[in-house]
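A structural walkthrough
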Amino acid sequence: MKSYSEPVSLPSELLSVAEMYQADRLAMEGGVSGATLMEAAGKGIADLIIDTWPTGRCLVICGPGNNGGDGYVVARHLTEAGWQIDLASLVDPEVLTGDAALMRDRWEDDILSLREVMLDDLDLVVDAGFGAGFSRFLESDISTLLSRVKKAAVPVVAVDMPSGVNGDTGAVDPGAIPAAMTVTFFRAKPGHFLYPGRSYCGRLQIIDIGIDVEYLEEIDPETHLNGPDLWRDDLPLLTPEIQKYSRGHAAIVGGGISSTGAARLAARASLRAGAGATTIVSPPSALMIYAAAMEAVMVTSIGEAGDFADWLQARRIGTVLIGPGNGVTDRTREFTLLALESAANVVIDADALTVFRDDPDMLFSLIREKDEGEVVLTPHEAEFERIFSLAGSKLERARTAAALSGAVVLLKGADTVISTPDGKAVINYNAPPYLATAGSGDVLAGLIAGLFSGGMTAFSAAATAVWIHGAAGNMLGPGLISEDIENVIPEILSGLFREL
Ligand SMILES: NC(=O)C1=CN([C@@H]2O[C@H](COP(=O)(O)OP(=O)(O)OC[C@H]3O[C@@H](n4cnc5c(N)ncnc54)[C@H](O)[C@@H]3O)[C@@H](O)[C@H]2O)[C@H](O)CC1
Ligand SMILES: [K+]
């Protein structure tokens, strides 16, 4: 079965284009010349190609900047290894400057213009058109060449980024074509993991070109790839003295009689994830349904908002999850406001987000003013749009939303992004499409509540929950329904604890 997770050995730091240029600069200040880096980049790609494909005929497409410079190096090393190379330049080669011009001069064979390119009998294409420096749009003659390559169905190896994919945002020019393999340098970039860019990269390879890892300390990257290395040490560890209430008591606000499933899924996930106790707060009319359906999960009936506030305090509730199946109602709104005024951590999902569509600022000011406890917002794209309506990449929008609201924002999708208000962000990459099913978001919200309740920070709880959710999706595969997810959580947690 196809797994949607990537090799765990990928380094977690993701560098923005600006941070990558900084790494470049630091390496050069440290005495490694630009030409040495470019030589290592091109040689590394050629070696990967030689390891992956049998010797054959390859077209190398070179652009106007240093990405093109890398292409000249790849072409030279493949020629030395016995490949037959056609090299085409997107621009008059005379316009190249710096290291790229140097590598062009070291290329002793012909340089074709776009019009001269023949695509018959090719075994491979190397796309060294544009990388980190891509901006604006692909001009029509370049798009035409790329579409001919796509039609010829020859595998493409992209240098750094497929031409037309933005390294910071994952935005894709309509003329871009998917690569079989993308080879990037030192560390991956957000655009390799944000859709649609991610689906253009094929297999991502990161190669060492001689930039010292110690520069990462100075760069202090703001974005990481989600994975256990980021939060394994924060997992709630059980000690012999522990008892259920010291593992935290989570409250899941339940919906009315016709929509009780969401809170039930969330409550089970909360217990599985490590809340010592979990109670569903039911409207009086639905109490019998919840009571009949739940075993370890407790149920309480609360009608009035004021009683909810008293109960949160009396039962020393550490974490409240509100929203799943709750309905866009006054009750949902009032209960959310009271949860925010309490000392508890709050996970705000689904209807509890939508209920603030007309006055999101009121929600945000309560979050920012909250004395005790942290807040996680877990919108999908449509819910996000209702309360934030921001432009930009998924990463930028999640960051801005977190800064604006004062909450940890988890913007869901195949490339879920989680950001703290001060801009620390992770991109998740292990979620398979099987998770796009009814109730899956309710389970995710419950997982966050359980981990939060067990003592993790908002950011760690959110990142851990998304990763566990993805791992469960991969384990279960096709046919997954949301009810299945809780059953594989113990196995996933055991794996994580074993690594501690
Ligand atoms: N960072 C490193 O450690 C190393 C990076 N290498 C390679 O260098 C590129 C980045 O090079 P740069 O010259 O900055 O950018 P590009 O080559 O991607 O493109 C810049 C070039 O293209 C022009 N341009 C941009 N967009 C367009 C467009 N839409 N249409 C036409 N022209 C466009 C722009 O004006 C410039 O002239 C990185 O990706 C790596 O591949 C190293 O060699 C190794 C070290
Ligand atoms: K490229």
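If you're wondering where the values come from, they're calculated on a predicted model, not measured in any experiment.

Looking at the overall build of the protein
Helices and strands together make up the secondary structure of the protein, namely 18 helices and 17 strands. Scaling as 2.2 N^0.38, a compact globule of 500 residues should have a C-alpha radius of gyration of about 23 Å, and the protein matches this with 26 Å. Across its three principal axes, the protein shows a C-alpha extent of roughly 80 × 45 × 45 Å. Taken across its 500 residues, the protein has 52% of its residues classed as buried.

Section: the environment of P379
Positionally, P379 belongs in the loop between β14 (375-378) and α14 (381-387). Sequence separation of P379 and D442 is 63 residues, and the distance between their C-alpha atoms is 11 Å. Once residues lying within four places of it in the same chain are set aside, the contact partners of P379 are L353, F384, L411 and K412.

Some details on the site of ligand 1
Around ligand 1, the structure places 28 residues, and the nearest of them are G65, N66, N67, G131 and G133. Of all the secondary structure elements, the ones that give two or more residues to the shell around ligand 1 are α1 (17-29), α2 (34-52) and α3 (66-80). Per-element accounting of the shell around ligand 1 gives the leading share, 5 residues, to α3. Here the shell around ligand 1 is composed, by residue class, of 14 nonpolar, 9 polar and 5 charged.

A closer look at the sheet that holds strand β15 (residues 408-411)
Taken together, the 11 strands give an open sheet; going across it, the order is β1-β8-β17-β16-β15-β14-β13-β12-β9-β10-β11, and neighbouring strands pair in mixed fashion. Lying at the two open borders of the sheet, with one neighbouring strand each, are β1 (13-14) and β11 (298-301).

Details of the domain arrangement of the protein
Here the protein is partitioned into domain 1 (13-223) and domain 2 (228-498). Averaged C-alpha coordinates put domain 1 and domain 2 at centres separated by 41 Å. The interface of domain 1 with domain 2 comprises 12 residues on the first partner and 10 residues on the second. For the side of domain 1 that touches domain 2, the residue count by class is 6 nonpolar, 3 polar and 3 charged.

So, helix α17 (residues 458-476)
Spanning 19 residues, α17 covers 27 Å between terminal C-alpha atoms, matching the ideal 27 Å at 1.5 Å per step. Taken across its 19 residues, α17 has 17 buried, putting it largely inside the fold.

Focus: the packing of α17 against helix α18 (residues 482-498)
Close contact between α17 and α18 brings their axes to 9 Å; oriented N to C, the two are set at 105 degrees. As the angle between them shows, α17 and α18 are arranged roughly perpendicular. The segment α17 lies against α18, with I468, A471, A472, M475 and L476 engaging D484, I485, V488, I489 and I492. A class-by-class count of the residues in the contact of α17 with α18 yields 9 nonpolar, no polar and 1 charged.

Considerations on the pairing of strand β6 (residues 181-185)
Counted residue by residue, β6 has 4 buried out of 5 residues, so it is predominantly covered. Here strand β5 (residues 156-159) runs beside β6; their pairing, made up of 3 bridges, is parallel. Looking at β6, one finds that V157 is bridged to M181. Where β6 lies against strand β7 (residues 203-207), 5 bridges are found, and the strand directions are parallel. In the sheet register, T182 faces β7, and the bridge partner there is L204.

Examining the environment of K370
In this structure, K370 sits in the loop between α13 (360-369) and β14. The spatial distance from the C-alpha of K370 to the C-alpha of N345 is 9.7 Å, given a sequence separation of 25 residues. Those residues in contact with K370, other than ones at most four positions away along the chain, are L340 and V375.

Quick notes on α18
Relative to the 24 Å expected for 17 residues at 1.5 Å per residue, α18 spans 26 Å between its end C-alpha atoms, a close match to the ideal helical length. The largest bend in α18 is about 40 degrees, located at V488, with the proline P490 one to four residues further on. Considered for burial, the residues of α18 that qualify are S482, I485, E486 and I489. Next to the buried residues of α18 lie α8 (261-273), α16 (440-453) and α17.

A closer look at the sheet that holds strand β3 (residues 84-89)
With parallel pairing, 6 strands are arranged side by side in an open sheet as β3-β2-β4-β5-β6-β7. The sheet terminates laterally at β3 and β7, the two strands that pair on one side only. Pairwise comparison of adjacent strand axes, ignoring direction, gives a mean angle of 20 degrees for this sheet.

Quick word on the packing of α16 against α17
Contact geometry for α16 and α17: axes closest at 8 Å, N-to-C directions at 135 degrees. By the angle class used here, α16 and α17 are oblique. The handedness of the crossing between α16 and α17 comes out as right-handed. Residue-level inspection shows V443, L444, L447, I448, L451 and F452 of α16 in contact with α17, the latter providing A458, A461, A462, T464, A465, V466, I468 and H469. For the contact of α16 with α17, the class distribution of residues is 12 nonpolar, 2 polar and no charged.

Observations concerning unusual backbone geometry
Note that the residue after Y195, namely P196, is joined by a cis bond; omega there is 0 degrees. When you line up the elements, P196 lands in the loop between β6 and β7. The phi dihedral of F186 is positive, around 70 degrees, even though this residue is not glycine. Note on placement: F186 falls in the loop between β6 and β7. For F186, a count of 24 C-beta atoms within 10 Å corresponds to the buried category. Look at A350: it is not a glycine, yet its phi comes out positive at around 45 degrees. Structurally, A350 can be placed in the loop between β13 (345-349) and α12 (351-354).

Parameters and conventions
- Residues numbered from 1 in each chain as written.
- Chains lettered and ligands numbered in written order.
- Predicted model: local features only at pLDDT ≥ 70, side-chain atom pairs only at ≥ 80, totals over all residues.
- Helix = DSSP H or I, 4+ residues; strand = E, 2+ residues; numbered from the N terminus.
- Rg over C-alpha atoms; globule rule 2.2 N^0.38 Å.
- Buried ≥ 20, exposed ≤ 12 C-beta atoms within 10 Å, placed from the backbone.
- Contact = placed C-beta atoms within 7 Å.
- Near = placed C-beta within 6 Å.
- Nonpolar A, V, L, I, M, F, W, Y, C, P; charged D, E, K, R; others polar.
- Pairing = 2+ DSSP bridges.
- Domains from an automatic or database assignment.
- Expected span 1.5 Å × (residues − 1).
- Axes fitted to C-alpha atoms, helices over the stretch in contact; angles between N-to-C directions.
- Parallel < 35°, antiparallel > 145°, perpendicular 65-115°, else oblique.
- Bend = angle between axes of the 7 residues up to and from the residue.
- Left-handed = near helix turned anticlockwise from the far one by under 90°.

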